[in-house]
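# Topology and contacts: notes
Given next are the chains, with one letter for each unit.
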Amino acid sequence: MDKAKRTAILLLVIALVVLGVAVLADRASAELTAIANHDHITIDFFYHGSTVSVKGIADPDADLIIKIASPEAHETLKQKGKVGGFLWMNVATLKLENVPNLYSIHSTKKIDEILDQKEMDKYVLGYPALGRHVEMSPVKNDEEKAKWFDEFIKYKENSKLYATSAGKIEIKDKVDGKTPYYILTDWPYQAPPGDYLVTVYAVKNGKVIEQAESKVLVEQVGIVNTLSNMAKKNGALYGFISIISALGAGFGVGLIFRKGGGAH
Amino acid sequence: MYLYLPVALTSINIMIPIGLGLVVGLLSGLFGVGGGFLMTPLLIMFGIPSTVAAATDSNQIVAASTSGTYAHWRVGNVDFKMGLYLLLGGFAGGLLGVQAIKILKATGNADFAIKMTYVLLLGTVGTYMFFESISSMRKKKVETEVKPEKESAFAKALSRLPMQTRFEKSGVTHSLLLPVIFGGFVGVLGAIMGVGGGFLMVPIMVYILRMPMHVVVGTSLFQILFNCIEVTFLQAYTNHSVDFVLAVLLLLGSTVGAQVGAVFGRKLKGEQLKVILAGIVLAVTVKIIFDLTLSPSLLLGQGGGH
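This structure is a prediction, so every number in the text was calculated from the model and none was measured.

Formed by 132 residues in total, the largest nonpolar core has its most connected members in Leu64(A), Leu5(B), Val202(B) and Leu251(B). Of the residues forming this core, the biggest block, 13 residues, is contributed by helix H9 (residues 213–239) of chain B. Residues Met82(B), Leu87(B), Phe167(B) and Val180(B) belong to the second largest nonpolar core, which totals six residues.

Our next topic: the domain arrangement of chain A. Domain boundaries assigned for chain A yield domain 1 (1–30) and domain 2 (32–225). Of note, the centres of domain 1 of chain A and domain 2 of chain A, computed from C-alpha atoms alone, are 46 Å apart.

In this section: helix H1 (residues 15–31) of chain B. Residues and elements named next belong to chain B. Taking 1.5 Å per residue as the helical rise, H1 with its 17 residues ought to reach 24 Å, and the 24 Å between its terminal C-alpha atoms agrees with that figure. Restricting attention to buried positions, one finds in H1 the residues Pro17, Leu20, Gly21, Val24, Gly25, Leu26, Leu27, Ser28, Gly29, Leu30 and Phe31. Two residues or fewer after H1 comes glycine 32, characterised by a positive phi angle close to 75°.

Turning next to the sheet that holds strand S8 (residues 135–137) of chain A. Read across the sheet, four strands follow the order S8(A)-S6(A)-S5(A)-S5(B) without closing on themselves; strand pairing throughout is antiparallel. Both edges of this open sheet fall to S8 of chain A together with strand S5 (300–301) of chain B, since each of them pairs with a single strand only. The sheet contact formed by strand S5 (residues 72–83) of chain A and S5(B) spans two bridges and is antiparallel. Note on S5(B): the bridge partner recorded for Gln79(A) is Leu300(B).

Residues and elements named next belong to chain B. Between its first and last C-alpha, helix H3 (residues 50–74) extends 36 Å over 25 residues, near the 36 Å set by a 1.5 Å rise per residue. Of all 25 residues in H3, 23 are buried, a share of seventy percent or more. Where H3 terminates, the next one or two residues include glycine 76, which has phi positive at roughly 75°.

What follows deals with the interface of chain A and chain B. Taken together, the contact between chain A and chain B spans 49 residues of the former and 46 residues of the latter. Every element with two or more residues in the side of chain A that touches chain B is listed here: S5, strand S6 (87–100), helix H5 (142–158), helix H6 (222–233) and helix H7 (235–261) of chain A. Among the elements that make up the side of chain A that touches chain B, the one with the highest residue count is H7(A) (16 residues). Partitioned by chemical class, the residues of the side of chain A that touches chain B number 28 nonpolar, 14 polar and seven charged.

The subject of this paragraph is the pairing of S6(A). Residues and elements named next belong to chain A. Sheet topology places S5 next to S6; eleven bridges connect them, and they run antiparallel. Pairing of threonine 76 across the sheet is with lysine 95, part of S6. Bridging between S6 and S8 involves three bridges; their strand directions are antiparallel. Opposite lysine 95, over in S8, you have serine 137 as the bridge partner.

Residues and elements named next belong to chain B. H9 packs onto H3 with a crossing angle of 150° between their chain directions and a minimal axis gap of 7 Å. In terms of orientation, H3 and H9 fall into the roughly antiparallel class. In the crossing of H3 with H9, the sense of the turn from one axis to the other is left-handed. Between H3 and H9, the contacting residues are Thr51, Ala55, Ser58, Asn59, Ile61, Val62, Ser65, Thr66, Gly68, Thr69, His72 and Trp73 on the first element and Val217, Gly218, Leu221, Phe222, Ile224, Leu225, Cys228, Ile229, Val231, Thr232, Gln235 and Asn239 on the second.

Attention now goes to the sheet that holds strand S7 (residues 103–107) of chain A. Residue and element names in this part refer to chain A. Reading across the sheet, the six strands line up as S2-S13-S12-S4-S7-S9 and stay open at both edges, with mixed pairing between neighbours. Lying at the two open borders of the sheet, with one neighbouring strand each, are strand S2 (40–43) and strand S9 (162–166). Each strand axis lies, on average, 15° off the axis of its neighbour in the sheet, ignoring direction. Note: S2 against strand S13 (residues 207–220), four bridges, orientation parallel. Within the sheet, the bridge partner assigned to threonine 42 lies in S13 and is glutamate 219.

Below, the discussion takes up the environment of Ala63(B). Take Ala63(B): it is sitting in helix H3. For Ala63(B), a count of 33 C-beta atoms within 10 Å translates into the label buried. For Ala63(B) and Leu252(B), which are 189 residues apart along the polypeptide, the C-alpha to C-alpha distance reads 9.0 Å. Once you skip the residues sitting within four places of it in the chain, Ala63(B) turns out to touch Ala246(A), Ala249(A), Gly250(A), Leu251(B), Ser254(B) and Thr255(B).

Analysis parameters
Residues numbered from 1 in each chain as written. Chains lettered and ligands numbered in written order. Predicted model: local features only at pLDDT ≥ 70, side-chain atom pairs only at ≥ 80, totals over all residues. Core = buried A, V, L, I, M, F, W, Y, C linked by C-beta atoms within 7 Å. Buried ≥ 20, exposed ≤ 12 C-beta atoms within 10 Å, placed from the backbone. Helix = DSSP H or I, 4+ residues; strand = E, 2+ residues; numbered from the N terminus. Domains from an automatic or database assignment. Expected span 1.5 Å × (residues − 1). Pairing = 2+ DSSP bridges. Contact = placed C-beta atoms within 7 Å. Nonpolar A, V, L, I, M, F, W, Y, C, P; charged D, E, K, R; others polar. Axes fitted to C-alpha atoms, helices over the stretch in contact; angles between N-to-C directions. Parallel < 35°, antiparallel > 145°, perpendicular 65-115°, else oblique. Left-handed = near helix turned anticlockwise from the far one by under 90°.

Have a look at this one:
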């Protein structure tokens, strides 16, 4: 091999290496991944909630927002109010549209510090954005809507279905120019069976620059599933079995006490 | 230990429903009430949706009142004849009550009127029972001979009603219409208020039908048993809101509680039972007043409770 040829090959190799490094570096800054570790939660007799962790890699300069939510649906709730000035009663029915039943949002910093309002509204990130996204009736004005939306959040947080946190996402040391992130969240047992979507947003300069998704499926299995299906699909038989069991149990305990108690 | 409830869609520590069942079953066996007034709000407090709480409670009462009726029947304290006529009235009253709700709802602000009526009724009945049983306990101490029954104008009017018949077990003679009408009255109220109405039925049997307290308890339980069978079936069939697992946990406690209550009740005199029941009725009245007047922590909630 002559010298010129050798130099050419060397140059080519160097060029390839440089190019490769450049491509890898570029990928590192532009690729966001998300994996939910516990993507299939099964509800059996002894189910008492679970945990879901979300991890992946992200651009080291970006902030992260992780949203876990159920599909949007409608909800109907009773409103309590004062009657006659001092008695609290259900006075009306509040209807909400476009609300997820479960809405859990975690970010590296407070959302309003890292994201423009326009972007918050576009991706429905944070309670204020959700408040603007939700349709509510009957409400007379914005003030009333804000008041009842606050009450709605209280109600949801009370049943553990809504949650927010800032600063709980762990950002680890850079690996190959990317930072791995990780968060462990409690999965409430109050969350009904269904499909849930985990979305991770990378945020830079007030804008969402990338998103990645993962899914969590919650499903009833075994006897829990059998009973719940029967209650829904075969109400008459289910009711009949419930009544016969109750009669049997009541009578059975009566007999046991007669033998054991020795009243006669 | 926690168990998952397939219809309520929530998880509960099993000691909670078993313990609640025991306490409510005890009251049931002692006084002949279903105990829904206590059970349903407590279940809601522990995170059970209100519709499921009410429906499952009626399923549980089927077991508790079977156990209680059986215990009282063994010592001859169930007046089946009276119970059947009360049931007849109660069944008709329940149907009427459902229609009444529709009319009341159309007029608006019905909740307020219904709740106020119920509170006033409970308060009056509780106070009357309390003082009546205390004074009769005192009288018995002073004069040992049984006082001659004075016939009041009300009692005379009742005795003029047609279809008079003898109720052997209770030792009273009444028109057949009487238990049907009062059973119906409680049935209407029960349907409107969403409660079984044992608190009103027991005083009616004691003061208007003049039945002995121990027979009242057994007969009331017999009547509640059939009412709750009907309610359980309707709830399971139309609303799919009976949680079988929760009902089983509750009845584990309540069937035993009902037996203990029945045994304990036999050791107490009729007046003593009445005084304690009056105390509980008054406590329930006060609790309802508190619920109505204290600011709730949450202004939104699910519908369907009472």
